[in-house]
Every structure is written in C-alpha cells, then in structure tokens.
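# Structure assessment
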Amino acid sequence: QWASAAGQGRSFIFTVQPGLRMRLHTDSELCRLIYCRYFEAIERAFLNDFLRPGDVFVDVGANIGLFTLIAAICVGPKGKVFAFEPTTATFERLVDNVRLNDFQNVTSIKLALSDVNGQMDLVRSIDGFDAWNSFARPTMGKVFSKECVDAAPWDQYARQHDLTGVVTMMKIDVEGWESRVLAGGKRVFSRMDAPVLQVEFTDEAAMAAGSSCKDLYKTLEHLGYRMFVYDPEMRALVPESMRDEYVYVNLIAVKNPDVVSARVRAATP
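Let me begin by describing the structure that accompanies this report. Because the structure is a prediction, the values reported are computed rather than measured. (Residues numbered from 1 in each chain as written. Predicted model: local features only at pLDDT ≥ 70, side-chain atom pairs only at ≥ 80, totals over all residues. Heavy atoms only, no water.)

### Here we look at the overall build of the protein
Formally: Strands here are runs of E lasting at least two residues and helices are runs of H or I lasting at least four, both read from the DSSP assignment and numbered beginning at the N terminus. Every radius of gyration here is taken over C-alpha atoms, with the globule rule written as 2.2 Å times N^0.38, N being the number of residues. The rule is simple: take the accessible area with a 1.4 Å probe, protein chains only, and divide by the maximum for that residue type; under 20% is buried, over 50% is exposed, in between is partly exposed. Note on areas: Shrake-Rupley with a 1.4 Å probe; residue coverage comes only from the protein chains shown.
Each helix and strand in the protein was counted, giving eleven helices and 13 strands. A compact globule built from 269 residues would reach a C-alpha radius of gyration of about 18 Å, and the protein, at 17 Å, matches this within 12%. Here the C-alpha coordinates of the protein stretch approximately 50 × 40 × 40 Å along the principal axes. Looking at the 269 residues of the protein, the share that counts as buried comes to 56%. Of the roughly 12200 Å² of accessible surface on the protein, 50% is carried by carbon and sulfur atoms.

Written out as structure tokens, the structure is:
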C-alpha cells in the first residue's frame, strides 16, 4: 500500500497509539518507517512508561512530532512539551500534527540547539530523507539544499525560559550534532537535577560532524550520567557499557537510575 502511493505527495491520518493521530506523508522515509515498521518501538515504550502527568519534556530534533505527540499525551494538560525543529518544511508538518491533536501543552520552536548562538547552514534533504537533515553531511539521501536556520545553546534557552532544573526528560536526535547540543547545555546537564536523556548514537553521523560516539559517551559520563538501554518487557533499565562501534542505537542517560526504575515499574500496564 505504501509503495503504491510513494512519491505522489499525498498524506493521510494514521493512529499511532490510542488517542494519538499523525498526518503521515508519502514523500517521507521517516513516515514510511512509522507506518510500516513501528519505528523506534522501544524508545516509544520508554516514553509511555516513564513520563507522568505534569512532567516537562523537551524534543530536540522533533521532525514531524512522533515523540512530541506521545509526550504530550503522557504529561497531560498540566505538563509541557517543547519541540525544537529548525527546518521550515518539517517544522510546518510538526505544527500541523500538534494542531491535528488539539494539544495545548506543546510549544513548537523553529530553532536548532547547538553550542553557538546565531545562524547556521543546515543541509536538508529534498528527496524524502528529511529525518537525516544535519549541519554536517547527511548520511541518507542524494539530493540536498541548504537552509540558513537560527541556533542557540540550551543553557541560554533554558535560562531565558525558566526551564533550568524543571525538565523531566529530553530526547536528543540531531544526526551527529549530539555532542554540540551537550556542549551548549553543559551548565544545565552538569546539575544533579538535569533531565533524563535519550541520545542517539550513530558512528557515521557523528564522524561526519567531526566527532565520535565514544567521545559522546565519555562526555555524558563527565556530566554525571550513566548509560542504559530499556527492556520494555521487563520494564527495566539495562546498563550499557561503551561499545566498540555504534551502527545505530538510542541510549537512555540517567543520573538517578533507582528513581527512573521505580517510575517505569509503576507504569500502568
């Protein structure tokens, strides 16, 4: 069904989970993965098990809003979600999905988080691989253009918007730029009340950005985090030692694993 519609520029409404709808676009590889492959099922399970009403969630690299929307349901009307997506076309789709669900607890921000304050050239795909847009060389897609986007450090944004010490969880998926996001939020992430992090580890993207996943792992350790993967069947954090290579994995970085473990174990089945 997807293959027959691919490339035709169509969209349709898809129920991602009970009470949550998304507009998926047939020109998007990410949308195909969401529709056909239950994209990042483990990470989605962790969000549903960990977040609670009243929490604050930050989505860095929100794309069209999969994790933003799930978090919005979990944190409820008294919670807040801040979704960062710098690419114009993708940001418009994010906003559309927030409106589709009539979420009043989501703030969509057309901004990139980095270690600098100003404008940067983002390399964006125009052949369906926008989920791999990057400030470095994208690892997917063949046809690209550049878009000048605004960027700011998390330390600055958090200070200006009174978010220091109040964010429960932050997802960082920025195609190799993860280390720069951490550098720009060093003051906040060094605190004991820093948020739980979900961070993407992909060697190819990290190397294209002039970094490495081993350096990313060490940076998180220096900030006081311990790394885990999530076992949704056992509802357990599983310690994750540094690997020799990272093809693609999302790690959960935690400062208080006992507190996080208690939360997920108490989640409603």
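### As for the sheet that holds strand S7 (residues 118–125)
To be explicit about the condition: Two strands form a pair only when DSSP identifies at least two bridges running between them.
The three strands are arranged S6-S8-S7 in an open sheet whose pairing can be described as mixed. The sheet is open, and its two edges are formed by strand S6 (112–113) and S7, each paired on a single side. In terms of strand pairing, S6 meets strand S8 (residues 144–152) through two bridges, oriented parallel. For Ala112, the partnering residue across the bridge sits in S8 and is Ala151.

### Concerning the pattern of salt bridges
Rules: Definition used for salt bridges: Asp or Glu carboxyl oxygen within 4 Å of a side-chain nitrogen of Lys or Arg.
One pass over the full model with this rule turns up nine salt bridges. Notably, a salt bridge pairs Lys110 with Glu147, separated by 3.8 Å at the nearest N-O pair. Taken together, the positions of Lys110 in the loop between strand S5 (106–109) and S6 and Glu147 in strand S8 put the pair 37 residues apart, joining distant regions of the chain. On the accessibility criterion, Glu147 (13% relative accessible area) is buried. Here Arg191 and Asp193 are joined by a salt bridge, their closest N and O atoms 2.8 Å apart. Look at Arg191 and you get partly exposed, because its relative accessible area is 33%. A relative accessible area of 35% means that Asp193 is categorised as partly exposed. Salt bridges here are not isolated pairs; linked through shared partners, they connect Lys110, Arg124 and Glu147.

### What about the nonpolar core?
As a reminder of what qualifies: In this description, a nonpolar core means a group of buried Ala, Val, Leu, Ile, Met, Phe, Trp, Tyr and Cys residues linked to one another through side-chain atoms lying within 4.5 Å. Residues count as neighbours in contact if any of their non-hydrogen atoms are within 4.5 Å of one another.
Counting residues in each nonpolar core, the largest one holds 46 residues, and the members touching the most others are Trp154, Leu197 and Phe201. The biggest single contributor to this core is helix H10 (residues 213–222), with four residues. Excluding anything up to four places from it in sequence, Phe201 contacts Cys213, Leu216, Tyr217, Leu220, Tyr246, Val247, Tyr248, Val249 and Leu251. Phe50, Leu51, Phe57 and Leu69 belong to the second largest nonpolar core, which has 45 residues in total.

### Quick word on the layout of surface pockets
In plain terms, the rule: With a 1 Å grid spanning the protein atoms alone, the term cavity applies to any set of points in which a 1.4 Å probe fits but cannot get out, the term pocket to an open set with protein on both sides within 12 Å along at least five of seven lines, and the term lining residue to any residue with an atom within 4 Å of a point. Grid points are joined across faces, edges and corners, and a volume is the space filled by probe spheres set on the points. Three classes are used: nonpolar for Ala, Val, Leu, Ile, Met, Phe, Trp, Tyr, Cys and Pro, charged for Asp, Glu, Lys and Arg, and polar for all others, with Gly counted as polar.
Here the largest pocket is characterised by a volume of approximately 710 Å³. Lining the largest pocket are 42 residues; nearest its centre among them are Ala131, Trp132, Asp173, Glu175 and Glu200. Elements supplying a minimum of two residues to the lining of the largest pocket: helix H2 (29–37), helix H4 (66–75), S6 and helix H9 (203–208). The leading source of residues in the lining of the largest pocket is H2, at four residues. Here the residues of the lining of the largest pocket sort into 24 nonpolar, eight polar and ten charged.

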